[in-house]
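Single-letter residue listing:
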Amino acid sequence: MSERKTIHISTSRPTYAVCVVGTEIIIDVYRSMPPDAVCFDVRGTRGTDITILYNPTKLSEPRGTSIKWPLNKEVEVVVCPKASSANVNGIKVKVSYYGNDGNTTLGIAMLYLTSVEISLDVDTSRNGVVNKNGNDKTSWTWGPDGHGAVLLVNCDKDNVYSKNMDNDDTRISKDEELKDFSQMILTVRGPDAIFHDYKLLLHIALSDLDKVGVFRHHGGTNSRFEHVLGTDKLYYEVERKVGEEEIIFYVEGLTFPDVGFSGLVTINLNLQDTAVQGLPVFTDMVVFRVAPWIMTPNTLEPVEVFVCSVPNNSTFLAEVTDLVERKARCKLTVCGIMDNRGDRWIQDEMEFGYTQAPQKSFPVVFDSPRDGKLKDFPFKKILGPDFGYVTREPVPMYDVSSLDSFGNLEVSPPVTVNGKVYPLGRILIGSSMPRSGGRKMTKVARDFLFAQKVQAPVELFSDWLQVGHVDEFMTFVPSSDRKGFRLLLASPNACYQLFEEIKQQGYGDAAMFQGLSVPQPTINNILKDKFLKKENDYFQNCIDWNRDILKKQLGLTEQDIVDIPILFKMENGFADAYFPNMVNLVVLGKDLGVAKPFGPIINGKCCLEKAMISLLEPLGLRCTFIDDYYSYHLNLGEVHCGTNVRRKPFPIKWWNTIP
């Protein structure tokens, strides 16, 4: 970075100084000027830029072949050695002082400069290549025209035998791990003898000790990586071999952005004069931004589907397997009983996302604060080489509620709201009504999500539900028209309207839940149940509250929303699904895994399935109905709750967005 330093010259003896190429030097021509001197001129050898700064409103620039400047405090002499000069180590600057006649020389001051080229450089253009001598390395800006280097949080585990994640380790165990790091190059050119009297010092702020780690690469036959900054190291004195001009460092992020950490970290470099109590004669710095954790919406292509195998879900597991492997043609990972310990709610335990830098991207699983019997699965079975892990644990005194399960965490597809573009979508979190004192996602998880910035979260009202998850009343599905997606919303009104139409057609005695060992109310029974209708009127109001929020915060219109016929019932003051909830589905490209609703059979077909197909098939989607009644529905969950999907990242680079 360009700096200025002042050098005081003397007419009684030559002045010697060390300067860094590109640094502007102010020559103090006044401190030792001879008595009776009224003007001066200044000349330099090749390789030197000399600039005279003055106030044109008070002085005029001298004219003629021998330019002499008045000794006036309005005049300032600035010298800058050129990086391109072949004579950088033999620069001379001569200042001559003159009397009243402008010809009589009263004194001469000589400045001898020994120049050193020092630069700390990073990938400011975000193309995976370090930019040498960039002038934009000391700041960070967003957008396609922005600049600034990016750090990955090194939160995977490349050494499968290690007990720790890589960001907990102060060693680089494998060369493959280097892609998790960003390069930083220190360039030093100049006479080796200078470094007997000067030292180079890298340092970071105390607040960044747990945010960034820096390793120095020592090449040669015994190539190794030395941990030099971060964890417990604030400073590092750079040892430079004779003739060594380029020193390579590898930098890692240790933690994602969060409360009190914007994601920006600064690494500083000082050239210090050891003879003057370590006085810095030159400083340089680089700024990185730690890459955020990014969620993936249903509209992105599925890569891998996760599901649990528990004692009573064999039918569900078989039908999901058929959907995933035969229809959607995705990878299927079954979490066995030894890993799930009877916990089937794999959606609630974790959320898949990814992190990204110019040189690399890898998936990262966010482990929820829920910590059910599946709590060890993400860390022990998913964390590994190029698969990261992150979690946020609440303060023990605060109880974790059902809203901390990640069925209560969704993300929209890309949207535009009043001209503001959200190219990575917006995170959606279920919460309580404002100032209601109800359940909310724990603060540490919410704070983490808000701190990522690139998917500005929206809080919805989900506390009216017994389980309290947003996936119980909404989801997104892809479409080839309009915005490229539709929002599906649970709709008791749509269900009552459907049942009324079927009654008018003479099928009021058609019953629910045929083939199941449970009570089987008819359409007439449901329509006559005033208490059920009153409850669903309230639930519809709760959904409509969210409908308005979603339209406003995601820039949606009614044409972007599809109402799915659903009924709820009141249990302990909260809503449970009356029949398997078709909104709580899994999206695998054009294939949807939908909870089989066991609706009234009309002319050999379930009227609820028929309604779902008629709403979604025009969008190019295929519905596969999965029986989850005994295995999930009676346990207050559906297909989405029992599955989890890892998806491909967005094609857009997050640093090209503008939060």
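Before reading further, recall that the structure is shown in the block above.
Cut-offs and rules
Residues numbered from 1 in each chain as written. Predicted model: local features only at pLDDT ≥ 70, side-chain atom pairs only at ≥ 80, totals over all residues. Heavy atoms only, no water. Helix = DSSP H or I, 4+ residues; strand = E, 2+ residues; numbered from the N terminus. Polar contact = N/O pair within 3.5 Å; in protein donor to acceptor, adjacent residues only side chain to side chain. Contact = heavy atoms within 4.5 Å. Buried < 20%, exposed > 50% of the residue type's maximum accessible area, 1.4 Å probe, protein only. Pairing = 2+ DSSP bridges. Axes fitted to C-alpha atoms, helices over the stretch in contact; angles between N-to-C directions. Parallel < 35°, antiparallel > 145°, perpendicular 65-115°, else oblique. Left-handed = near helix turned anticlockwise from the far one by under 90°. Nonpolar A, V, L, I, M, F, W, Y, C, P; charged D, E, K, R; others polar. Expected span 1.5 Å × (residues − 1). Arc of directions from axis to C-beta.

Looking now at the side chain of Arg-216. Checked against the element boundaries, Arg-216 lands in strand E13 (residues 212–218). At 2.7 Å, the side chain of Arg-216 and the backbone oxygen of Glu-239 are in polar contact. Not counting residues within four places of it along the chain, the set of residues in contact with Arg-216 comprises Arg-224, Phe-225, Glu-226, Val-228, Tyr-236, Val-238, Glu-239, Glu-244, Ile-247, Ile-248 and Phe-249.

Another point: the pairing of strand E2 (residues 15–20). Counting buried positions along E2 gives five out of six residues, so the element sits mostly inside the fold. With six bridges connecting them, E2 and strand E9 (residues 105–121) associate as parallel partners. Note on E9: the bridge partner recorded for Ala-17 is Leu-113.

A few words now on the environment of Lys-551. Inspection of the secondary structure assignment puts Lys-551 in helix H8 (residues 530–554). What makes Lys-551 partly exposed here is its relative accessible area of 25%. In this structure, the C-alpha to C-alpha distance between Lys-551 and Asp-627, residues 76 residues apart in sequence, is 32 Å. Sequence-distant contacts of Lys-551, defined by excluding residues within four places in its chain, comprise Leu-556, Glu-558 and Ile-561. Here Glu-558 takes part through its side chain, which lies 2.9 Å from a polar atom of the side chain of Lys-551.

On to the sheet that holds strand E25 (residues 409–411). As summarised here, the arrangement of the three strands in space is E25-E28-E29, forming an open sheet in which the pairing is mixed. For this open sheet the edge positions go to E25 and strand E29 (458–461), each flanked by a neighbour on one side alone. The mean angle between the axes of side-by-side strands here comes to 35°, regardless of whether they run parallel or antiparallel. As paired elements, E25 and strand E28 (residues 427–431) share three bridges and run antiparallel to each other.

Before going further, it helps to spend a moment on the packing of helix H6 (residues 492–504) against H8. Viewed as axis vectors pointing N to C, H6 and H8 meet at an angle of 135°, and their least axial separation amounts to 8 Å. By the angle between their directions, the pair H6 and H8 is classed as oblique. Residue-level inspection shows Pro-492, Asn-493 and Tyr-496 of H6 in contact with H8, the latter providing Leu-532, Lys-533, Asn-536, Gln-540 and Ile-543.

Packing of H6 against helix H9 (residues 607–616) brings their axes to within 11 Å, and their N-to-C directions diverge by 120°. The interaxial crossing formed by H6 with H9 has right-handed handedness. Listed contacts from H9 to Cys-495, Leu-498, Phe-499 and Ile-502 of H6 are Cys-607, Leu-608 and Ala-611. Considered class by class, the residues forming the contact of H6 with H9 number seven nonpolar, no polar and no charged.

On to the sheet that holds strand E40 (residues 643–647). With mixed pairing, the three strands of this open sheet are ordered in space as E21-E20-E40. Of all the strands in the sheet, the pair left with one neighbour each is strand E21 (331–335) and E40. Put simply, the sheet's adjacent strands are angled 20° from each other on average, direction ignored. Contacting strand E20 (302–308), E21 and E40, helix H1 (residues 314–328) crosses the sheet at an angle of about 160° to E21.

A separate point is H1. Count 3.6 residues to each turn of an α-helix, and residues three or four apart come out pointing the same way. End to end, H1 covers 20 Å across 15 residues, agreeing with the expected 21 Å (1.5 Å per residue, within 8%). Along H1, the residues that are buried comprise Phe-316, Leu-317, Val-320, Leu-323, Val-324 and Ala-328. One side of H1 holds all its buried residues, which, seen down the axis, span an arc of 130°. The inward-facing, buried residues of H1 abut E20, E21, strand E35 (586–588), strand E36 (591–595), strand E39 (622–626) and E40. Backbone geometry just downstream of H1 places Arg-329 in the positive-phi region, at approximately 55°.

Treat this as a map of the structure, not an account of what it does.
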